[in-house]
Amino acid sequence: MSDPAETPIAYDRIRAVEWNNGAVKLIDQRKLPASYEHLRLESVADVARAITDMVVRGAPAIGVTAAYGVVLAARSRYREDPAAWKTAIEQDLQQLAAARPTAVNLRWAVDRMRGLLDGVSGDPAPALLQEARRIHAEDIAANHRMGELGSALIEPGSGVLTHCNTGALATGGYGTALGVVRAGVAGGRIKSVYADETRPWLQGARLTAWELVEDGIPVTLIADGAAAHLMRQGRVQWVIVGSDRIAANGDVANKIGTYAVAVAARHHGVKFMVVAPTSTVDLETASGADVPIENRDADEVLGCGARRIAPEGAGAWNPAFDITPAALIDAIVTEKGVVSTPDRDKIAAMMAA
Ligand code: MRU
């Protein structure tokens with residue numbers, strides 16, 4: 001299989017994650033757009049920390065990163081003790097899977113890599129690297145497929161709103177919801193793109209806007225609180241978002257603020273599309289109520305970036321994700337197809353297909 005990092009096509013040039021000369025190379029997304037820097041990680045502990053600290057973020061991207069992290073873990077454990085590495089690596093796998101709690105792609109990728117261990121003999125690194133590259137390539141291919149499927153649902157000349165960052169930075173490449181935006185713009189179906197700034201991490205303002213500007217796609221940022229007003233003015237026909245976990249009943253966990261956008265969309269007759277590969281679908285999670293929601297540091301809300309905004313003494317609540325009930329979703333798009341008005345049976349049928 002060709003290296004996905006070496007096969008860029010139009011609108012598909014950014015790689016958040018790469019395997020590079022025996023190490024994991026990440027764009028440091030905490031620094032964008034002010035500076036474009038890479039980190040080179042050579043240990044599984046550094047990879048897990050990078051995921052926790054948001055150097056790399058976005059559900060599919062942290063899955064791909066963790067897969068490459070397993071290669072680093074296996075290489076080091078095998079060097080330490082070729083007879084006992086298969087037992088010793090388990091703590092590394094658990095450390096990776098626990099680096100963030102909500103996006104199921106992380107656990108999915110670690111489980112898929114773990115599935116290879118029993119069958120490996122001798123140096124495990126080559127076989128595991130091949131599997132990690134396969135996970136990476138499959139994610140990019142899924143995104144292109146979802147771009148075609150999702151954009152086909154959109155009437156030519158539409159305006160769309162997206163939330164958070166779901167582009168190449170959040171995935172193996174190209175993007176989920178932002179892949180649909182890329183395909184929709186390229187195909188003339190999308191005429192205007194609005195992006196929520198996405199407090200508190202500002203993934204929309206810092207990352208989505210950066211990706212679209214890099215691609216020459218005009219983007220209009222709005223404050224999160226402007227979304228309902230935008231819809232009321234008839235400027236958008238679709239909201240298009242990604243997901244960190246899709247429960248068996250079609251409920252969707254995604255970046256905090258997604259639920260509010262979905263409620264506003266339904267009120268205004270704006271369609272709501274969720275775009276995510278099947279690695280995001282977790283049939284073991286019965287409904288949105290069962291999704292572990294990451295709570296992050298209050299300081300992220302009390303300030304903006306490094307600058308403190310709120311007065312000393314104020315508290316903050318900082319859930320990083322919320323749940324959009326299936327009833328508010330018009331379409332879930334995966335690489336396997338489009339599920340309209342999702343429910344438990346339709347999700348099960350799509351996954352079994
Ligand atoms: O906290 P983040 O930046 O990792 O959150 C990312 C999101 O919520 C994305 O919308 C989601 O992972 C889908 S990315 C294709």
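Because the structure is a prediction, the values reported are computed rather than measured.

Procedures and definitions
- Residues numbered from 1 in each chain as written.
- Predicted model: local features only at pLDDT ≥ 70, side-chain atom pairs only at ≥ 80, totals over all residues.
- Heavy atoms only, no water.
- Buried < 20%, exposed > 50% of the residue type's maximum accessible area, 1.4 Å probe, protein only.
- Helix = DSSP H or I, 4+ residues; strand = E, 2+ residues; numbered from the N terminus.
- Pairing = 2+ DSSP bridges.
- Near = heavy atom within 4 Å.
- Polar contact = N/O pair within 3.5 Å; in protein donor to acceptor, adjacent residues only side chain to side chain.
- Areas by Shrake-Rupley, 256 points an atom, 1.4 Å probe, with all protein chains shown as cover.
- Domains from an automatic or database assignment.
- Contact = heavy atoms within 4.5 Å.
- Axes fitted to C-alpha atoms, helices over the stretch in contact; angles between N-to-C directions.
- Salt bridge = Lys/Arg side-chain N within 4 Å of Asp/Glu carboxyl O.
- Buried area = accessible area lost by both parts, 1.4 Å probe.
- Nonpolar A, V, L, I, M, F, W, Y, C, P; charged D, E, K, R; others polar.
- Core = buried A, V, L, I, M, F, W, Y, C linked by side-chain atoms within 4.5 Å.

S.K.: Lay out the pairing of strand E15 (residues 331–334) with the relevant residues and their values.
M.R.: On E15, burial covers both faces: Ala331 and Val333 on one face and Ile332 and Thr334 on the other are all buried. Two elements, strand E10 (residues 271–275) and E15, share 3 bridges in a ladder whose sense is parallel. Within E15, the residue paired with Val275 across the bridge is Val333. Both E15 and strand E16 (residues 337–340) contribute to a ladder of 4 bridges, which runs antiparallel. The partner of Thr334 across the bridge, within E16, is Gly337.

S.K.: Report on the site of the ligand, specifying residues and quantitative values.
M.R.: As a structural note, the neighbourhood of the ligand is formed by 19 residues, with Arg57, Arg100, Gln203, Asn254 and Lys255 the closest of them. At 2.7 Å from an oxygen atom of the ligand is found a side-chain nitrogen or oxygen belonging to Arg100. When the ligand sits alone it has 420 Å² of accessible area, and the protein chains cover 99% of it. If you list the elements that add at least two residues to the shell around the ligand, you get helix H2 (59–80) and strand E9 (252–255). When we break the shell around the ligand down by domain, the ones giving at least three residues each are domain 1 (17–142) and domain 2 (146–352).

S.K.: Mind laying out the sheet that holds strand E14 (residues 321–324), listing which residues take part and the relevant values?
M.R.: Strand pairs in the sheet, formed through backbone hydrogen bonds, run parallel or antiparallel to each other. Across the sheet, which stays open at both edges, the 4 strands sit in the order E11-E8-E9-E14 with mixed pairing between neighbours. Edge positions in the open sheet fall to strand E11 (281–282) and E14, since each of these has one partner strand only. Bridge count between E9 and E14: 4 bridges; the pairing is antiparallel. What sits directly across from Asn254, in E14, is Asp322. Strands in contact with helix H10 (residues 258–268) are E9 and E14; relative to E14, the strand with the most contacts, it is inclined by about 30 degrees.

S.K.: Tell me about the pairing of strand E1 (residues 17–20), and please be specific about residues and values.
M.R.: Pairing of E1 with strand E2 (residues 23–27) involves 4 bridges; the strand directions are antiparallel. Bridged to Val17 within E2 is Leu26.

S.K.: Could you give an account of the environment of Ala168, naming the residues involved and the relevant values?
M.R.: Assignment of secondary structure puts Ala168 in the loop between strand E4 (158–162) and helix H7 (177–186). C-alpha separation for the pair Ala168 and Pro60, spaced 108 residues apart in sequence, amounts to 9.7 Å. Apart from the residues within four sequence positions on either side, Ala168 is in contact with Ile14, Ala16, Gly173, Tyr174, Gly175, Arg182 and Glu211.

S.K.: Lay out the pattern of salt bridges in plain terms, naming residues and giving numbers.
M.R.: Throughout the structure, instances matching the rule amount to 26 salt bridges. For Arg40, the salt bridge goes to Glu42, with nearest N and O atoms at 3.4 Å. We classify Arg40 as partly exposed; its relative accessible area is 42%. Arg100 is paired through a salt bridge with Glu294; the nearest N and O atoms lie 2.8 Å apart.

S.K.: Describe H7, with residues and values.
M.R.: With 8 of 10 residues buried, H7 is to be regarded as a mostly interior element. For H7, the set of buried residues is Ala177, Leu178, Gly179, Val180, Val181, Arg182, Ala183 and Gly184. Positive backbone phi, at 80 degrees, marks Gly188, one or two positions downstream of H7.

S.K.: So what's going on with the domain arrangement of the protein? Which residues, and what values?
M.R.: The assigned domain composition of the protein is domain 1 (17–142) and domain 2 (146–352). A per-residue breakdown of the area domain 1 buries against domain 2 is headed by Arg57, Thr102 and Ala142, which together make up 25% of the total. The tally of links between domain 1 and domain 2 comes to 17 residue pairs in polar contact (both at pLDDT 80 or more). Elements with a minimum of two residues in the side of domain 1 that touches domain 2: H2, helix H5 (104–117) and helix H6 (125–151). For the side of domain 1 that touches domain 2, a count of residues per class yields 15 nonpolar, 6 polar and 6 charged.

S.K.: Lay out the side chain of Ser151 in plain terms, naming residues and giving numbers.
M.R.: Structurally, Ser151 is set in helix H6. The exposure class of Ser151 is buried, given its relative accessible area of 8%. Beyond its immediate chain neighbours, meaning those up to four positions away, Ser151 contacts Met146, Val180, Ala183, Gly184 and Arg189.

S.K.: Before we move on, could you go through the nonpolar core and cite the residues and values that matter?
M.R.: Within the largest apolar cluster, 48 residues are counted, with the highest numbers of intra-cluster contacts made by Val17 and Val24. Taken together, the elements giving at least two residues each to this core come down to E1, E2, helix H1 (44–52), H2, helix H4 (90–97), H5, H6 and helix H8 (203–214). Among the elements that line this core, the one with the most residues is H2, at 12 residues. Summarising the domain contributions, this core has at least three residues from each of domain 1 (17–142) and domain 2 (146–352). Not counting the four nearest positions on each side in its chain, Val17 is found in contact with Val24, Lys25, Leu26, Val56, Ala61, Val64, Thr65, Tyr68 and His136.

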